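# Residue-level structural notes
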Amino acid sequence: MTQHNGTASHNGTSGHLRLGVNIDHVATIRNARGGRHPDPVRAAHLAAEAGADGITAHLREDRRHISDDDITMLMDEISLPLNLEMAATEEMLEIALKHRPNACCLVPEKREELTTEGGLDVAGGHNHLTPYVARLRDAGIRVSLFVDPDETQLNAARSIDADIVELHAGAYCESCIDGDHEAADVELDRLRRASGFAADLGLEVHAGHGLTFDTVEPVAAIPQLVELNIGHFLVGEAIYVGLAQSIRNMRNLMDGARANRVDA
Ligand code: PXP
């Protein structure tokens, strides 16, 4: 199926904040038993109906959740733009070039980690990353780099011609969970400043990792942000209220935060 281009027509000046729903953990539950249930593709269709603007899936080197077949089926069946998260390796590049998703988000990946623990070191790894960015972009795929909210990394992302940076929101979210309000304020301020800095460099700015109903609003209110990518919490919350309702609730919080910003 032809994918809608997820390109935002602005860099945060309009009110709409895109929601990318990460369906990795639907596959985690499926893989706990093998078989096909629950099906990430069905979750992607539900997400679209519930107000998602895009679908994100991380094809990890160890295939612990999303599989190669999932990517094929998502590309064949969904009309929302697919953001394929992947490590910068030859294997993943080949897969991306075969499928040509709307966007690829390059992330650091370690086999032993539970989830993506930190941002990419773009500044230290630009020699390695530059050809991946170029080859993806040459194929018409938008390239996003998952980075910490740090000016050095953002300058490096600009210098290797990334289209998008996704700011790692994990440190902010973890401080909130720990109840450390002072640290949360510091981390939120880092996200705010990095968003402004990246937008001024001409980068499209996204954020994600660890966002929940309790943490999303101040992030959603950051005016330069164009998209949030959210997964684990939405799938967890689906156990209580269903996936569509979980996504609608998140969408409402994002829209409310954005509306307050616009009206302010
Ligand atoms: N963005 C990136 C780059 C990620 O690696 C992840 C986790 O897979 C997410 C967003 C979503 O994070 P979470 O599942 O904590 O919402």
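### Thoughts on the nonpolar core
Ile23, Leu106, Leu145 and Leu228 are the most contacted members of the largest nonpolar core, which has 78 residues in total. If we skip the residues at most four places from it in the chain, Leu228 touches Leu17, Arg18, Leu19, Gly20, Ala207, Leu211, Val216, Val219, Ala220 and Met254.

### Regarding the packing of helix H7 (residues 170-177) against helix H8 (residues 181-200)
At their nearest, the axes of H7 and H8 sit 8 Å apart, and the two run at 160 degrees to each other. Classified by the interaxial angle, the pair formed by H7 and H8 is roughly antiparallel. Classified by chirality, the crossing of H8 by H7 is left-handed. Between H7 and H8, the residues in contact are Ala171, Tyr172, Ser175 and Cys176 and Ala183, Ala184, Glu187, Leu188 and Leu191, respectively. Of the residues belonging to the contact of H7 with H8, the class tally is seven nonpolar, one polar and one charged.

### Let's talk about the pattern of salt bridges
Pairing is possible between side chains that carry opposite charge, provided their charged atoms lie close to one another. If you walk through the whole model with that rule in mind, you get 13 salt bridges. In this structure, the salt-bridge partner of Asp189 is Arg193, at a minimum N-O distance of 3.0 Å. Of this pair, Asp189 and Arg193 both sit in helix H8, separated by four residues, roughly a single helical turn. Judged by its relative accessible area of 32%, Asp189 falls in the partly exposed class. Judged by its relative accessible area of 49%, Arg193 is partly exposed. Ionic pairing is found between Asp255 and Arg251, a salt bridge with its closest N-O pair at 2.8 Å.

### Here's the deal with unusual backbone geometry
Omega for the peptide link from His37 to Pro38 comes to -5 degrees, which places this bond in the cis form. Looking at the element boundaries, Pro38 is found in the loop between helix H1 (24-33) and helix H2 (40-49). Residue Arg100 is not a glycine yet carries a positive backbone phi of 50 degrees. The phi dihedral of His209 falls on the positive side, at around 105 degrees, and the residue is not glycine. Here His209 shows up in the loop between strand S7 (204-208) and helix H9 (216-220).

### Brief notes about the confidence of the model for the protein chain
A low pLDDT means the predicted coordinates there should not be read in detail. For the protein chain, mean pLDDT is 93; residues scoring 70 or higher make up 92% of the total. In this model residues 2-14 is a low-confidence stretch, pLDDT under 50, and it forms 34 contacts with partners more than four residues away in sequence or in other chains.

### Thoughts on the sheet that holds strand S2 (residues 54-58)
Read around the closed barrel, the eight strands follow the order S1-S2-S3-S4-S5-S6-S7-S8; overall the barrel is parallel. Each adjacent strand pair in this sheet contributes to an overall mean axis angle of 25 degrees, direction not counted. Where strand S5 (residues 142-147) lies against strand S6 (residues 164-168), four bridges are found, and the strand directions are parallel. Bridge assignment links Phe146 to a residue of S6, and that residue is Glu166.

### Focus: the side chain of Glu204
Topologically, Glu204 is positioned in strand S7. Classification of Glu204 by relative accessible area gives buried; the value is 7%. Separated by 3.0 Å, the side chains of Glu204 and Arg142 make a polar contact.

### Some remarks on a negative patch on the surface
On the surface, Glu174, Asp178, Asp180, Glu182 and Asp185 cluster together to form a negatively charged patch. Within the secondary structure layout, Asp185 lies in helix H8. Of the residues examined, Asp185 reaches a relative accessible area of 52% and is grouped as exposed.

### Some details on helix H3 (residues 68-77)
Buried within H3 we find Asp70, Ile71, Leu74 and Met75. Summarising the axial view, the buried residues of H3 lie within an arc of 130 degrees, below the 170-degree limit, and thus occupy one face. Residues of H3 that are buried make contact with H1, H2, S2, strand S3 (82-86) and helix H4 (90-99).

### Section: the packing of aromatic side chains
This model, assessed by the stated rule, comprises one aromatic pair. When the centroid spacing of 4.7 Å and the interplanar angle of 75 degrees are considered together, the rings of Phe213 and Phe233 count as edge-to-face. Taken together, the residues Phe213 in the loop between S7 and H9 and Phe233 in helix H10 (residues 232-241) connect sequence positions 20 residues apart.

Calculation notes
- Residues numbered from 1 in each chain as written.
- Predicted model: local features only at pLDDT ≥ 70, side-chain atom pairs only at ≥ 80, totals over all residues.
- Heavy atoms only, no water.
- Core = buried A, V, L, I, M, F, W, Y, C linked by side-chain atoms within 4.5 Å.
- Buried < 20%, exposed > 50% of the residue type's maximum accessible area, 1.4 Å probe, protein only.
- Contact = heavy atoms within 4.5 Å.
- Axes fitted to C-alpha atoms, helices over the stretch in contact; angles between N-to-C directions.
- Helix = DSSP H or I, 4+ residues; strand = E, 2+ residues; numbered from the N terminus.
- Parallel < 35°, antiparallel > 145°, perpendicular 65-115°, else oblique.
- Left-handed = near helix turned anticlockwise from the far one by under 90°.
- Nonpolar A, V, L, I, M, F, W, Y, C, P; charged D, E, K, R; others polar.
- Salt bridge = Lys/Arg side-chain N within 4 Å of Asp/Glu carboxyl O.
- pLDDT = per-residue confidence, 0-100.
- Pairing = 2+ DSSP bridges.
- Polar contact = N/O pair within 3.5 Å; in protein donor to acceptor, adjacent residues only side chain to side chain.
- Patch = residues over 30% accessible without salt bridge, like charges linked within 9 Å, V, L, I, M, F, W, Y side chains within 5 Å.
- Areas by Shrake-Rupley, 256 points an atom, 1.4 Å probe, with all protein chains shown as cover.
- Lys, Arg positive; Asp, Glu negative; His and termini not counted.
- Charge placed at Lys NZ, Arg CZ, Asp CG, Glu CD.
- Arc of directions from axis to C-beta.
- Phe/Tyr/Trp six-rings, centres within 6.5 Å; stacked < 30°, edge-to-face > 60°.

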